Amino acid sequence: MRMHHPRASAKLAALTALLFAVSCGGSPPSASSSPATHFPLTVTEPDGASVTIAHQPHRVVSLSPTATEMLFAIGAGAQVVAVDDQSNYPASAPMTKLSGFQPNLEAIAAYTPDMVVASDDVAGLVHGMQALNIPILIEPAAKTVDDSYFQINQLGAAT
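The rules behind the values
- Residues numbered from 1 in each chain as written.
- Predicted model: local features only at pLDDT ≥ 70, side-chain atom pairs only at ≥ 80, totals over all residues.
- Heavy atoms only, no water.
- Core = buried A, V, L, I, M, F, W, Y, C linked by side-chain atoms within 4.5 Å.
- Buried < 20%, exposed > 50% of the residue type's maximum accessible area, 1.4 Å probe, protein only.
- Helix = DSSP H or I, 4+ residues; strand = E, 2+ residues; numbered from the N terminus.
- Expected span 1.5 Å × (residues − 1).
- Arc of directions from axis to C-beta.
- Pairing = 2+ DSSP bridges.
- Right-handed = clockwise from strand over helix to strand, strands pointing away.
- Axes fitted to C-alpha atoms, helices over the stretch in contact; angles between N-to-C directions.
- Parallel < 35°, antiparallel > 145°, perpendicular 65-115°, else oblique.
- Left-handed = near helix turned anticlockwise from the far one by under 90°.
- Contact = heavy atoms within 4.5 Å.
- Nonpolar A, V, L, I, M, F, W, Y, C, P; charged D, E, K, R; others polar.

Q: What is the right way to read the nonpolar core from this model?
A: As a rule of thumb, nonpolar side chains are buried together in soluble globular proteins. The biggest cluster of nonpolar side chains holds 20 residues, and the ones touching the most others in it are Met115, Leu137 and Leu155. Of all the secondary structure elements, the ones that give two or more residues to this core are β1 (41–44), β2 (50–53), α2 (65–73), β4 (80–83), β5 (115–118) and α5 (145–158). Ranked by residue count, the leading element in this core is α2, at four residues. Counting 13 residues, the second largest nonpolar core, distinct from the first, contains Ile108, Ala118, Val126 and Ile134.

Q: Just checking my understanding: could you explain α5 for this structure?
A: Given a rise of 1.5 Å per residue, 14 residues ought to cover 20 Å, and the 20 Å separating the end C-alpha atoms of α5 matches this to within 8%. Among the residues of α5, Ser148, Gln151, Ile152, Gln154, Leu155 and Ala158 are the ones counted as buried. The buried residues of α5 occupy an angular sector of 165° when the element is viewed end-on, so they sit on one face. Seen from the buried face of α5, the exposed residues on the opposite side, beyond 90 degrees, are Asp146 and Asn153.

Q: In this structure, what is going on with the pairing of β4? I would like to understand it.
A: Along any regular strand, the residues point their side chains to alternate faces of the sheet. Pairing of strand β3 (residues 60–63) with β4, which is carried by three bridges, proceeds in the parallel orientation. Bridge pairing in β4 places Val61 opposite Ala82. With α2 bridging β3 and the parallel β4, this β-α-β connection has right-handed handedness.

Q: Just checking my understanding: could you explain the packing of α2 against α5 for this structure?
A: Helix-helix packing: each pair is described by the crossing angle between the helix axes and the interaxial distance. The interhelical angle for the contact between α2 and α5, taken along N-to-C directions, is 60°, at an axis separation of 10 Å. The angle between α2 and α5 falls in the class oblique. The two elements α2 and α5 cross, and the hand of that crossing is right-handed. Residues Ala67, Met70 and Leu71 of α2 pack against Ser148, Gln151, Ile152 and Leu155 of α5. Per-class residue counts for the contact of α2 with α5 are five nonpolar, two polar and no charged.

This is the structure we're talking about:
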């Protein structure tokens, strides 16, 4: 009998749910099929912190492979100008040498983002982005399918 690893099963379930949610409409949601988001927008992160996004971002840097996949899945890929060195899907993602594990504030700022998405606040990333007046969303690893949906909704509203 073949045994399944619990984390692998959870990841597969989350990915399946994400793909199902995106595929239900036949195509990624477009701006015309989604409710309009009004800016400025305040997003409350899972840890309770809030981030205000003054205007719709047109230059997004993603330092999280999960967020990168979600951004492209919801139809916001055209807004993504740079992704970290671990984001390898989709193939059209603008891969760079940026690191989500050891973020370099100057290198990130060189892409002139109007929003950054990361999975964790490492090396003072949040403080550094705030000092540069660049909104940053921290989207930690989802532990449940509901967490995944929450993040998809947040990224959708923010973009």
